[in-house]
Amino acid sequence: MTSSVSGIGKVLITGGTSGLGLRLAKHFLEKGYDVVATGRKTITLNGYSARFNLIRTDFSNMARTAEAIKKACEDHQFNIIINNAGILSPPDIKLTDDGFEYTFQVNFLSHLMLNEIIIRNSEPGRPLMIASIVSPVYRLAEKNLAVYPIKSDYSPIKAYSSSKLCLALMCSYLHTKYPEPGFRCISFDPGTFSSEIYRMQKEWFRQLYRIAAPFMRSAGKVASRFGEVLNREDLVDGAVYRSGKGKGRVPVAETNAVRIFWKECEKIIEPYVS
Ligand SMILES: NC(=O)c1ccc[n+]([C@@H]2O[C@H](COP(=O)([O-])OP(=O)(O)OC[C@H]3O[C@@H](n4cnc5c(N)ncnc54)[C@H](OP(=O)(O)O)[C@@H]3O)[C@@H](O)[C@H]2O)c1
């Protein structure tokens, strides 16, 4: 199936207030799209006030995020959703307002809920592209997905890689669940680039990151590469596209454990979605 997202339309970018999300917002505004971004802080984009909207919401609170997204659906019909908001897991376990491990909810679960709300509120037959920003480390994640990681087992790298694997798998999951012809769903692995991703890390990490940042790729370059990927004619739903050339397949089979995981996630988000 081919896709074209070069027509002018409306893009929702989660985490559009800094780093890659902010660059993506500018990229799509420059191309003529209307952009709605989510984030906790307030930003303005000079020269684009007529085509840029900000939804202020914290993904660590599902009820408030659901309310904000449902309200946005009353005002907007989206052509593209970019699941970009994310954090690098903090050194010590932190729970959300809803009692989940913080990275799991912010990077993945709230996105699943947001995507479901938008899909269910989209006009029937309207083309929709969902693209999730994952990370190279999704490949390191343990394949036995779990909704409630055991506290004593907490490790930041495990929590982060697992949240990104869940997000990558979400694309295949949603695409299978909603097999409509105009519905596309892919992931994008940006590699590493400079941003504010270190925000929940210890001071020594933040200082090291600031020293390394000038030598890292810019978020702007990654945003342009993402734009090129979205315009490919040969996109395969469920695949993870890398910032370099080529694509990788999501490395988890349809096991019973994975099916149970999706059922549990559906049960959690359903009260907020409906
Ligand atoms: N930087 C890298 O090297 C790298 C590598 C691989 C993947 N990635 C992925 O790229 C994506 C973008 O990250 P970035 O590097 O551009 O980092 P960033 O500059 O820290 O941007 C993260 C965005 O997520 C939003 N966000 C964070 N916590 C949130 C919360 N609790 N609720 C709502 N929004 C929240 C932030 O908005 P507010 O602060 O306004 O809430 C911000 O707009 C992330 O998914 C990250 O995992 C980054």
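The residue numbers shown here count from 1 along each chain, following its written sequence. Only residues with pLDDT of at least 70 get local features here, since the model is predicted, and only at 80 or more are side-chain atom pairs given and counted; chain-wide, interface and lining totals rely on the full set of residues. Just so you know, side-chain values use all the structure's heavy atoms and leave hydrogens and water out.

**Q** Which parts of the structure should I look at to understand the site of the ligand?
**A** If a single non-hydrogen atom of a residue is within 4 Å of a molecule or strand, that residue counts as near it. Within the structure, the ligand sits among 31 residues, and T17, R40, Y160, S195 and R199 are positioned closest to it. R40 is positioned such that a nitrogen or oxygen atom in its side chain is 2.5 Å from an oxygen atom of the ligand. Polar contacts here mean pairs of N or O atoms no more than 3.5 Å apart (in protein, one a potential hydrogen donor and the other a potential acceptor; neighbouring residues in sequence count only if both atoms are side-chain atoms). One of the backbone nitrogen or oxygen atoms of N84 is found 2.7 Å away from an oxygen atom of the ligand. Using a grid of 1 Å spacing that covers the protein atoms alone, one calls a set of points a cavity when a 1.4 Å probe fits there but cannot get out, and a pocket when the set is open and has protein on both sides within 12 Å along at least five of seven lines; lining residues are those with an atom within 4 Å of a point. To decide whether a molecule occupies a pocket or cavity, check its atoms: if more than half lie within 2 Å of the grid points, it is inside. Put simply, the ligand lies in the largest pocket. The classification used treats Ala, Val, Leu, Ile, Met, Phe, Trp, Tyr, Cys and Pro as nonpolar, Asp, Glu, Lys and Arg as charged, and all other residues, Gly among them, as polar. Its residues assigned to classes, the shell around the ligand shows 12 nonpolar, 13 polar and 6 charged.

**Q** Looking at this structure, how should I read a nonpolar patch on the surface?
**A** Taken together, the side chains of W204, L208 and I211 define a hydrophobic patch exposed on the protein surface, amounting to about 380 Å² of accessible area. Along the polypeptide, L208 turns up in helix α5 (residues 203-212). To count toward a patch, a residue needs a relative accessible area above 30% and no salt bridge. Like charges then connect within 9 Å, nonpolar side chains (Val, Leu, Ile, Met, Phe, Trp, Tyr) within 5 Å. All accessible areas in this document rest on Shrake-Rupley with a 1.4 Å probe, and a residue is counted as covered only by the protein chains that are shown. Within this document, salt bridges are pairs made up of a side-chain nitrogen of Lys or Arg and a carboxyl oxygen of Asp or Glu, the two lying within 4 Å of each other. Numbering of helices and strands runs from the N terminus; a helix is a DSSP stretch of H or I covering at least four residues, while a strand is a stretch of E covering at least two.

**Q** Looking at this model, I keep getting lost on the layout of surface pockets. Mind explaining?
**A** Take a probe with the size of a water molecule and roll it over the atoms, and the empty space left behind shows itself. Roughly 880 Å³ of internal volume is contained in the largest pocket. Secondary structure elements with two or more residues in the lining of the largest pocket: α1 (19-30), β2 (34-39), α3 (102-121), α4 (156-177) and α5. The biggest single contributor to the lining of the largest pocket is α4, with 4 residues. Its residues assigned to classes, the lining of the largest pocket shows 20 nonpolar, 16 polar and 6 charged. Grid points are joined across faces, edges and corners, and a volume is the space filled by probe spheres set on the points.

**Q** What's the story with the pattern of salt bridges in this structure? I'm lost.
**A** It is possible for side chains bearing opposite charge to pair when their charged atoms get close. By the definition in use, this model includes 14 salt bridges. D189 serves as the salt-bridge partner of R139, at 3.4 Å between the closest nitrogen and oxygen. Within this pair, whereas R139 is found in the loop between β5 (128-133) and α4, its partner D189 is found in strand β6 (residues 183-189), the two being separated by 50 residues in sequence. E228 is paired through a salt bridge with R225; the nearest N and O atoms lie 3.0 Å apart. In this pair, E228 and R225 both sit in helix α6 (residues 219-230), 3 residues apart, roughly one turn of the helix. Throughout, exposure labels follow a simple rule: accessible area from a 1.4 Å probe, protein chains only, divided by the maximum for the residue type, with under 20% read as buried, over 50% as exposed, and the rest as partly exposed. What makes R225 buried here is its relative accessible area of 12%. Counted as one network, the salt bridges with shared partners bring together E116, R120, K177, E266 and E270.

Interpretation note: all reported values are geometric properties and have no functional meaning in isolation.
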